[in-house]
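# A look at the structure
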Amino acid sequence: MSGRCIFCKIVDGQIPAKIEYQDDDILVFHDITPQAPLHLLIIPKKHITNLNEIREDNADIITKIFTHIPKLAFQFGINEKGYRIVNNCGRDGGQTVFHLHFHLLGGRNLTWPPG
Ligand code: 5GP
Ligand code: ZN
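I will try to describe carefully the structure that is included in this document. (Residues numbered from 1 in each chain as written. Chains lettered and ligands numbered in written order. Predicted model: local features only at pLDDT ≥ 70, side-chain atom pairs only at ≥ 80, totals over all residues. Heavy atoms only, no water.)

Turning next to the overall build of the protein chain. Each helix and strand counted, the protein chain has two helices and five strands in total. Ordered by position in the sequence, the α and β elements of the protein chain form the string α-β-β-β-α-β-β. Here the C-alpha atoms of the protein chain give a radius of gyration of 14 Å, agreeing with the 13 Å that 2.2 N^0.38 yields for 115 residues. Expressed as lengths along the three principal axes of its C-alpha atoms, the size of the protein chain is roughly 40 × 30 × 30 Å. For the protein chain, with 115 residues in total, the buried portion stands at 38%. By sequence separation, contacts in the protein chain at least 24 residues apart represent 52% of the contacts at least 6 residues apart. For the protein chain, the computed accessible surface area is about 7200 Å², with 52% contributed by carbon and sulfur atoms. (Helix = DSSP H or I, 4+ residues; strand = E, 2+ residues; numbered from the N terminus. Rg over C-alpha atoms; globule rule 2.2 N^0.38 Å. Buried < 20%, exposed > 50% of the residue type's maximum accessible area, 1.4 Å probe, protein only. Contact = heavy atoms within 4.5 Å. Areas by Shrake-Rupley, 256 points an atom, 1.4 Å probe, with all protein chains shown as cover.)

Take a look at the structure:
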């Protein structure tokens, strides 16, 4: 499936996206259907289906993603007010795109529990 899923196509530039940041390993872009004033998706460039595929030998990408999150929070001025990181894993978790991604939601007061 690598290279075929919608987020792989965004990585490859086959589908346009509003990209905020990228390096060799990760890509950050705006969600097409934002659920908050700021709604970013942070993904590994390499295709990983979801958290079920994370093991010791590929877990570095999680560190990479999570060390970048505070930088984004500072960049968008939401570090003080706060924000939410969401990962939907599998169908019951609400995952609709089967390429690992973390939602960064901010800019409004987010309710709990989620739906
Ligand atoms: P999930 O439901 O899998 O956790 O999240 C998938 C997210 O990807 C959804 O919030 C959806 O709006 C977003 N999304 C789906 N297709 C595209 C697309 O082509 N471009 C962008 N930027 N976001 C997308
Ligand atoms: Zn993919």
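Following the structure, the description resumes.
Time to look at the sheet that holds strand E1 (residues 19-22). The sheet built from five strands is open, its strands ordered E1-E2-E3-E5-E4 with antiparallel pairing. Strands with a single pairing partner mark the edges of an open sheet, and in this sheet they are E1 and strand E4 (83-86). Across the sheet, the mean angle from the axis of one strand to that of its neighbour is 20 degrees, orientation sign disregarded. Note that E4 and strand E5 (residues 102-106) share four bridges and pair antiparallel. Of the residues in E5, the one forming a bridge with Tyr83 is Gly106. In the packing of helix H2 (residues 60-75) onto the sheet, contacts are made with E1, strand E2 (26-30), strand E3 (38-44), E4 and E5, and the angle to E3 comes to roughly 155 degrees. (Pairing = 2+ DSSP bridges. Axes fitted to C-alpha atoms, helices over the stretch in contact; angles between N-to-C directions.)

Every one of the 16 residues lining ligand 1 counts as a neighbour, but Asp31, Asn88, Thr96, His101 and His103 are closest to it. One of the side-chain nitrogen or oxygen atoms of Asn88 is found 2.8 Å away from an oxygen atom of ligand 1. Within the complex, 85% of the 520 Å² of free accessible area of ligand 1 lies under protein. Assessed atom by atom at 2 Å from the grid points, ligand 1 resides in the second largest pocket. Here the element with the most residues in the shell around ligand 1 is helix H1 (residues 6-12); it accounts for three residues. Tallied by class, residues from the shell around ligand 1 come to seven nonpolar, eight polar and one charged. (Near = heavy atom within 4 Å. Polar contact = N/O pair within 3.5 Å; in protein donor to acceptor, adjacent residues only side chain to side chain. 1 Å grid on protein atoms, 1.4 Å probe; cavity = no way out; pocket = protein on both sides within 12 Å on 5 of 7 lines; lining within 4 Å. Sits in = over half its atoms within 2 Å of the grid points. Nonpolar A, V, L, I, M, F, W, Y, C, P; charged D, E, K, R; others polar.)

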